[in-house]
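Below, each chain spelled out in residue letters.
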Amino acid sequence: QVQLVESGGGLVQAGGSLRLSCAASGRSLSNYAMGWFRQAPGKEREFVAAISWNGVTTRYADSVKGRFTISRDNAKKTVTLQMNSLAPEDTAVYYCAGRTLSATTYDYWGQGTQVTVSS
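Residues numbered from 1 in each chain as written. Predicted model: local features only at pLDDT ≥ 70, side-chain atom pairs only at ≥ 80, totals over all residues. Heavy atoms only, no water.

Draft legend 1. Expanded view of the overall build of the chain. Looking only at helices and strands, the chain features zero helices and eleven strands. Computed over its C-alpha atoms, the radius of gyration of the chain comes to 13 Å, within 12% of the 14 Å expected for a compact globule of 119 residues. C-alpha atoms of the chain, sized along the principal axes, occupy 40 × 25 × 25 Å. Across the 119 residues in the chain, those meeting the buried criterion constitute 40%. Counting only contacts in the chain whose residues sit at least 6 apart along the sequence, the fraction spanning at least 24 positions is 55%. Charge-centre separation for the chain: the mean point of 12 positive side chains lies 7 Å from the mean point of 8 negative side chains. (Helix = DSSP H or I, 4+ residues; strand = E, 2+ residues; numbered from the N terminus. Rg over C-alpha atoms; globule rule 2.2 N^0.38 Å. Buried < 20%, exposed > 50% of the residue type's maximum accessible area, 1.4 Å probe, protein only. Contact = heavy atoms within 4.5 Å. Lys, Arg positive; Asp, Glu negative; His and termini not counted. Charge placed at Lys NZ, Arg CZ, Asp CG, Glu CD.)

Here it is in structure tokens:
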């Protein structure tokens, strides 16, 4: 198992940048594909970005592609989401998640960190 803790959320002006971090503990991070999800007020949780176990492959939601970058450092047991050109529509609670390589769904989740983008 792995425990995940997000940090780096806060209030930022539209057009600004923010970097979220996910600190993992427990099993080696290389056992998991990692992802970021978000949930805005009144909306369901949505996929934001994902990265393969070794960082070779990344995938992004169309809404953030070109603006957000996901990365990982298995040695440091961290996953990062660099968010640029933020807009009010990006306001949400952001969650870090891990998926066992043999699983079809994400089975480990952090508590979330609030990101608020002012207009």
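Draft legend 2. Representation of the nonpolar core. Ranked by internal contacts, the top residues of the largest apolar core, which has 29 residues, are M34, W36, L81, M83 and Y94. Among the secondary structure elements, those contributing two or more residues to this core are strand 1 (2–7), strand 3 (18–26), strand 4 (32–39), strand 5 (46–51), strand 7 (68–73), strand 8 (78–83), strand 9 (92–100) and strand 11 (113–118). With four residues, the top contributor of residues to this core is strand 3. Excluding residues that lie within four positions of it along the chain, M83 makes contacts with G16, S17, L18, L20, R67, F68, Y94 and V115. (Core = buried A, V, L, I, M, F, W, Y, C linked by side-chain atoms within 4.5 Å.)

Draft legend 3. Unusual backbone geometry, seen in detail. Unlike most non-glycine residues, K77 shows phi in positive territory, near 55°. With respect to the helices and strands, the residue K77 is situated in the loop between strand 7 and strand 8. With phi around 50°, S85 is a residue other than glycine that occupies positive phi space. As for its position among the elements, S85 is in the loop between strand 8 and strand 9. Residue S85 is classed as partly exposed on the basis of its relative accessible area of 45%.

Draft legend 4. Representation of the side chain of T80. With respect to the element layout, T80 can be found in strand 8. Setting aside residues up to four positions removed in sequence, T80 forms contacts with R19, L20, S21, W36, T69, I70 and S71.

Draft legend 5. The arrangement of the pattern of salt bridges in detail. On inspection of all chains with the given rule, the structure shows three salt bridges. Its salt-bridge partner being D90, residue R38 comes within 2.9 Å of it at the nearest N-O pair. Note that R38 is positioned in strand 4 and D90 in the loop between strand 8 and strand 9, a separation of 52 residues in sequence. The burial state of R38 is the same as that of D90; both residues are buried. (Salt bridge = Lys/Arg side-chain N within 4 Å of Asp/Glu carboxyl O.)

Draft legend 6. Region of the structure containing the packing of aromatic side chains. The tally for this structure, following the rule as stated, stands at five aromatic pairs. Ring geometry for F37 versus F47: centroids 5.8 Å apart, planes at 75°, classification edge-to-face. Taken together, the residues span a long stretch of sequence, with F37 in strand 4 and F47 in strand 5 at a distance of ten residues. Overall, F37 belongs to the buried group, its relative accessible area being 9%. Every member of this aromatic cluster is reached through a ring pair, and the members are F37, F47, Y106 and W109. (Phe/Tyr/Trp six-rings, centres within 6.5 Å; stacked < 30°, edge-to-face > 60°.)

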